[in-house]
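Overview (structure and organization)
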Amino acid sequence: LQFCIFKVQQLYFIKSKFLIPLLFTATSLFAQRDFKQLHIYFDSIEKHHTFSGSAALTKNAQLLFNREFGVLDGAKNTAVNSESKFRIGSISKTFTAALIMKTVEEGKLKASDKLKKYHPEIVNAKSITIEHLLRHTSGMFNYTNDSLFWQQHLEPISKEKQIEKLAHYPSDFKP
C-alpha cells in the first residue's frame, strides 16, 4: 500500500491534525477496501474548511482511492480538482528523501554521487554529495533567506530558472 499526498495547502495541519489520523484510518480500512470512513473524514475536513488538498491510495500501481477536497482559491471559491497545483514547501523534504533512498536501494543512484553529475553549475557541486543534500549539510545557500524571496515566492518559476537562481547564490559553508 502506498499513500501519497501530492498536493497540499495549509501545511501546518498536515503533521498533527491531518496526516497521522489519515494514515491510521487509511491503513486500518485498506484490508477491508472500505473507504466510506475515509470519505467521511474528508467530508469533515472540507466542511470545517481546515484543509484543502488531494489524496490518493494505490497498490501495485492500481488506484484504490482518490479524493480532492477544499478550495483552491478562497476569494474566488474555486474548488480543488485533479489538475490543481499547490505549493508544498518543507513537507516535500520527507517525500523527496524517501524517493531518493528508494532510488539508491534500486542501484540507480548512490548517496555518494556528487551534485556536479546533475547540476555542475551549483557552487561547490564537485564537493556536494546526495547525502549532504539529504542531511542538509551541503552548505548551499538557503534561498528562503534571500531578501526578495517573500516578494517572489508565489510567482511561477521553471525548474531551469530555479536551478539558474540557485547557481548564483554563494555557499554558506563547505559541505
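For the structure, check the block above.
Everything in this summary refers to the structure shown in the same document. Here the structure is a predicted model, which is why all the values come from computation and not from measurement.

1. Quick notes on the packing of aromatic side chains
Scanning all chains against the criterion turns up 7 aromatic pairs. Here the aromatic rings of F42 and F69 are separated by 4.4 Å at their centres, their planes lie at 25°, and the arrangement is stacked. You can see F42 sitting in helix 2 (residues 36–47) and its partner F69 sitting in strand 3 (residues 62–69), a full 27 residues away along the chain. Overall, the relative accessible area of 1% leaves F69 in the buried class. Three or more aromatic residues joined by ring pairs make a cluster, and in this case those are F35, Y41, F42, F65 and F69.

2. Comments concerning the nonpolar core
Most often, soluble globular proteins have nonpolar side chains that are buried together. Of all hydrophobic cores here, the largest spans 11 residues; its members are F35, L38, Y41, F42, I45, F51, A55, L57, L64, F65 and F69. Mapped by element, the contributors of at least two residues to this core are helix 2, strand 2 (53–59) and strand 3. F65 has contacts with F35, L38, H39, F42, A55, A56 and L57, leaving out every residue within four places of it along the chain. Counting 8 residues, the second largest nonpolar core, distinct from the first, contains L115, I122, L166 and A167.

3. Describing the pairing of strand 2
The buried count for strand 2 comes to 6 of 7 residues, which makes it a mostly enclosed element. Here strand 2 runs beside strand 3; their pairing, made up of 7 bridges, is antiparallel. Paired with A55 across the two strands is R67, which belongs to strand 3. Counting the residues between successive antiparallel strands, the hairpin from strand 2 to strand 3 contains 2 residues, one of them, N60, with a positive phi of roughly 50°.

4. Brief notes about the pattern of salt bridges
When charged atoms on two side chains of opposite charge get close, those side chains can pair. Within the structure shown, the criterion is met by 5 salt bridges. Taking the shortest distance from any N to any O, the salt bridge between D43 and R67 comes out at 2.6 Å. Of this pair, D43 sits in helix 2 while R67 sits in strand 3, and the two are 24 residues apart along the sequence. For R67, a relative accessible area of 11% puts it in the buried group. With its nearest N and O atoms 3.8 Å apart, the salt bridge here joins K102 to E106. The partly exposed category is assigned to K102, whose relative accessible area is 40%. For E106, a relative accessible area of 42% puts it in the partly exposed group. Through salt bridges that share partners, K102, E106 and K108 make up one connected network.

Reading the values: the criteria
- Residues numbered from 1 in each chain as written.
- Predicted model: local features only at pLDDT ≥ 70, side-chain atom pairs only at ≥ 80, totals over all residues.
- Heavy atoms only, no water.
- Phe/Tyr/Trp six-rings, centres within 6.5 Å; stacked < 30°, edge-to-face > 60°.
- Helix = DSSP H or I, 4+ residues; strand = E, 2+ residues; numbered from the N terminus.
- Buried < 20%, exposed > 50% of the residue type's maximum accessible area, 1.4 Å probe, protein only.
- Core = buried A, V, L, I, M, F, W, Y, C linked by side-chain atoms within 4.5 Å.
- Contact = heavy atoms within 4.5 Å.
- Pairing = 2+ DSSP bridges.
- Salt bridge = Lys/Arg side-chain N within 4 Å of Asp/Glu carboxyl O.

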